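What follows is each chain in one-letter form.
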Amino acid sequence: MEKIIIEGSRRLEGEVTVSGAKNAVLPLMAACILTEGKNTITNVPDLADVRTMVKLLEILGAEVEFENSTLSIDSTNLDTWEAPYDLVKTMRASVLVLGPLTARFGRSRVSLPGGCAIGERPIDQHLKGLSILGAKIEIEEGYVDTIAKKLRGGVIPFDVSTVTGTENLILSSVLAEGETVILNAACEPEVTDLANFLIEMGADIQGAGTDIITIQGVKKLTPIKEYEVMPDRIEAGTFLIASVLTKGNILVKNCRFENMGALIGKLIEAGAEVTRENGGIRIKGNGEIKSVDFTTLPYPGFPTDMQAQMMTLMSVADGLSIITETIFPQRFLHAGELRRMGADIKLVGNSAVVRGVPSLSGAPTMASDLRASASLVLAGLAGNGKTQVSRLYHLDRGYERLDRKLENLGARIWREKE
Ligand code: EPU
């Protein structure tokens, strides 16, 4: 196992290029189950989660090549419909194969994901949607079994807005008979990226990016010659905060300003100078960080995946900030680690009350999940002295070479064996 060491208090400056989005590429990979022939996806980040999905597709019988950010997936000889516990337990997003396997084979067997560090995370809405499309669902020995001779369109009213739930049901319905309407669909840009990918394969999908998505089933999909994954808005957001924290001046390249409105708005309120520049975002921190309140919400609201990183920024802001988490009400494990670095944070229900302190002090810390690890790395950049972040496998699940990219911006950061 590895840990990251950071020597803090250095100003970051320069340019950084954002990688393809983890949460966009995983559903695209699952979509490849729906076609025979070779699909090629570019701008693919080399992440542990992408490698886990490659392994899962290979177990199902797909031929996969992954080199130089390009992934080719040929599902012609797929012959298995089971996603085993070992893989699902390392990556919850494995559940994205549930819909496409049912669509392709008329059945699937997918290990039920259990609890997770950021909260309970049930998949009842995925299962409700599949059963509306005509699948029989059984839960046995920790696995979900679905059986459906042919999925048929239907109206799916989600009780909550769910990102992978919406993706799973789009994946289930593109080859179903007739029309499917998803109500209260997730509007996240990653859902739109999946819809665009499927439309290029020949699917008929209207309304992606809104909360009503209508899908007319088609008989067949054809493989895609080349599709570029959208940039990772959470990685981009992490660099924006790094710049503000270190009084930096960074050009974050290859990111979509229009997908990051809620975060950018809060950073401007906090005192950052933000401009669009050459298809990217330039952000300058002038040293004064004002405290702001924010509440995590489904897109286009403030993303829960940026809550931990923004909490680090608020830890050194001038004043009191109230952070309310409505997506995963218990997603606050990073608060305890930030406190160990001198942050003043009190948790009250699903809110955190953060009273800014003049500076954080480096300390050994432990990551509890992916975004929590990023918040600790940011705290290390801002803190005085040395910070250690152990359990790095969390970070490597979702950030491509974060330490290298920060080093290129002037950070003193390196890896060591635990
Ligand atoms: N929910 C249910 N029932 C369901 C599904 C969801 O009650 O069947 C609830 C959840 O418990 C949660 C809310 O609905 O309270 C939203 O969860 P959602 O289903 O949208 O989350 P997800 O699809 O499991 C994706 C991202 C997460 C991100 C969330 C929220 C992927 C692979 N994962 O998860 O990303 O936090 O949406 O935006 O897309 C991360 O990248 O670090 C990460 C955790």
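These numbers come from a predicted model, not from an experiment.

Student: How would you sum up the site of the ligand? Please name residues and give values.
Tutor: Taken together, 22 residues are adjacent to the ligand, and Gln125, Thr162, Thr164, Asp305 and Ile327 come closest. Surface burial for the ligand is 85%, taken as the share of its 830 Å² of free accessible area covered by protein chains. Taken together, the elements giving at least two residues each to the shell around the ligand come down to helix 1 (22-31), helix 5 (124-132), helix 6 (163-173) and helix 12 (370-382). Take the shell around the ligand: its biggest share by element is three residues, from helix 5. Residues belonging to the shell around the ligand are distributed by class as follows: nine nonpolar, seven polar and six charged. Per-domain counts for the shell around the ligand show at least three residues from each of domain 1 (2-18 + 231-417) and domain 2 (22-228).

Student: Describe the sheet that holds strand 1 (residues 2-7), listing the residues and the values that go with them.
Tutor: With mixed pairing, the four strands of this open sheet are ordered in space as 22-23-1-24. Two strands in the sheet have a free side with no partner beyond their single neighbour: strand 22 (364-366) and strand 24 (412-417). The mean angle between the axes of side-by-side strands here comes to 25°, regardless of whether they run parallel or antiparallel. In this fold helix 12 packs onto strand 1, strand 22, strand 23 (386-390) and strand 24, with an angle of close to 170° to the strand it touches most, strand 23.

Student: Please set out the sheet that holds strand 7 (residues 107-111) residue by residue, giving values where relevant.
Tutor: Strand order across the open sheet formed by four strands is 6-7-9-8, with mixed pairing between neighbours. Each having just a single partner strand, strand 6 (82-83) and strand 8 (136-140) make up the two edges of the open sheet. Set on the sheet, helix 4 (residues 98-105) makes contact with strand 7 and strand 9 (143-147); between it and strand 7 the angle comes to about 155°.

Student: Lay out the pairing of strand 16 (residues 273-277) in plain terms, naming residues and giving numbers.
Tutor: Here strand 16 pairs with strand 17 (residues 280-284) via five bridges, running antiparallel. Paired with glutamate 277 across the bridge in strand 17 is glycine 280.

Student: Summarise helix 8 (residues 233-245); cite the residues concerned and give the values.
Tutor: Between its first and last C-alpha atoms helix 8 spans 18 Å; for 13 residues at 1.5 Å apiece the expected length is 18 Å, and the two agree. The buried count for helix 8 comes to 13 of 13 residues, which makes it a mostly enclosed element. Positive phi appears at lysine 247, one or two residues downstream of helix 8, with a value of about 55°.

Student: Give a description of the nonpolar core that names residues and reports values.
Tutor: Judged by nonpolar contacts, the single largest core of 72 residues is most densely connected at Met29, Ile41 and Leu198. It is helix 1 that contributes the most residues to this core, seven residues altogether. Filtering out sequence-adjacent residues up to four positions away, leucine 198 remains in contact with Ala31, Leu34, Ile170, Leu171, Val174, Ala203, Ile205 and Leu221. Core analysis: the next-biggest nonpolar cluster, separate from the first, contains 66 residues, Leu240, Val274, Leu313 and Leu360 among them.

Student: Break down the domain arrangement of the chain for me, citing the residues and quoting the values.
Tutor: Here the chain is described as being made up of domain 1 (2-18 + 231-417) and domain 2 (22-228). A separation of 30 Å is found between the C-alpha centroids of domain 1 and domain 2. At the junction of the two partners, domain 1 supplies 20 residues and domain 2 supplies 19 residues. When domain 1 packs against domain 2, the two sides together hide about 1,600 Å² of surface, and 50% of this comes from carbon and sulfur. Our enumeration of links across domain 1 and domain 2 arrives at two salt bridges. Here glutamate 190 and arginine 233 are joined by a salt bridge, their closest N and O atoms 2.8 Å apart. In this structure, the connection of domain 1 to domain 2 is made through six residue pairs in polar contact (both at pLDDT 80 or more).

Student: Explain the side chain of serine 94 to me, and be specific about the residues and the numbers.
Tutor: Looking at the element boundaries, serine 94 is found in the loop between helix 3 (85-90) and helix 4. Within polar-contact distance, the side chain of serine 94 engages the backbone oxygen of methionine 91 at 2.6 Å. Discounting residues that sit within four places of it in the chain, serine 94 has contacts with Leu56, Leu87 and Val88.

Student: Tell me about the packing of helix 10 (residues 307-315) against helix 12, residues and numbers included.
Tutor: Between helix 10 and helix 12, the least distance of the axes is 7 Å, while the angle of their chain directions is 25°. Judged by the angle between their axes, helix 10 and helix 12 are roughly parallel. Seen along the crossing, helix 10 lies across helix 12 with a hand that is right-handed. Side by side, helix 10 and helix 12 meet where Ala308, Gln309 and Thr312 of the first sit next to Arg371, Ala372, Ala374, Ser375, Leu378 and Ala379 of the second. Tallied by class, residues from the contact of helix 10 with helix 12 come to five nonpolar, three polar and one charged.

Student: An account of the pattern of salt bridges is requested, with residue identities and associated values reported.
Tutor: Under the defined criterion, the tally for this structure stands at 27 salt bridges. For aspartate 145, the salt bridge is made with arginine 109, and the minimal N-O distance between the two is 3.0 Å. One end of the pair, aspartate 145, is in strand 9; the other, arginine 109, is in strand 7, with 36 residues separating them in the sequence. For aspartate 145, a relative accessible area of 16% translates into the label buried. Salt bridges here are not isolated pairs; linked through shared partners, they connect Glu2, Asp396, Asp403 and Arg415.

About the cut-offs
All residue numbers refer to position in the chain's written sequence, counted from 1. This being a predicted model, a pLDDT of at least 70 is required before a residue's local features are given, and a value of 80 or more before pairs of side-chain atoms are given or counted; all residues contribute to the totals for chains, interfaces and linings. Where side-chain values are given, they derive from all heavy atoms of the structure, hydrogens and water being excluded. Any residue with a heavy atom lying within 4 Å of a molecule or strand is counted as near it. For the accessible areas, the method is Shrake-Rupley and the probe is 1.4 Å, while residue cover comes only from the protein chains on display. Segments assigned H or I by DSSP are reported as helices when at least four residues long, segments assigned E as strands when at least two residues long, and all are numbered from the N terminus. Classification used: nonpolar for Ala, Val, Leu, Ile, Met, Phe, Trp, Tyr, Cys and Pro, charged for Asp, Glu, Lys and Arg, polar for all others including Gly. Domains are outlined according to an automatic or database domain assignment. A pair of strands is treated as paired once DSSP finds two or more bridges between them. Axes, fitted as lines to C-alpha atoms, cover a helix only where it is in contact. Angles between the N-to-C directions of the axes lie from 0 to 180 degrees. Note on contacts: a residue pair is in contact if any heavy atoms of the two residues lie within 4.5 Å. A helix is expected to span 1.5 Å for every residue after the first. Throughout this description, buried means an accessible area under 20% of the type-specific maximum (1.4 Å probe, protein chains only), exposed means over 50%, and partly exposed covers the range between. Side-chain atoms within 4.5 Å are what join buried Ala, Val, Leu, Ile, Met, Phe, Trp, Tyr and Cys residues into a set we call a nonpolar core. What gets called buried area is simply the loss in accessible area from a 1.4 Å probe that two parts show on being joined, summed for both. Any Lys or Arg side-chain nitrogen located within 4 Å of an Asp or Glu carboxyl oxygen qualifies as a salt bridge. Within 3.5 Å is the distance limit for a polar contact, defined as a pair of N or O atoms, with the added protein rule that one can donate a hydrogen and the other accept it, and that residues adjacent in sequence qualify only through two side-chain atoms. Angular relationships are summarised with four words: roughly parallel below 35 degrees, roughly antiparallel beyond 145, roughly perpendicular across 65 to 115, and oblique for the angles in between. With the far helix as reference, a near helix turned anticlockwise by less than a right angle produces a left-handed crossing, and one turned clockwise produces a right-handed crossing.

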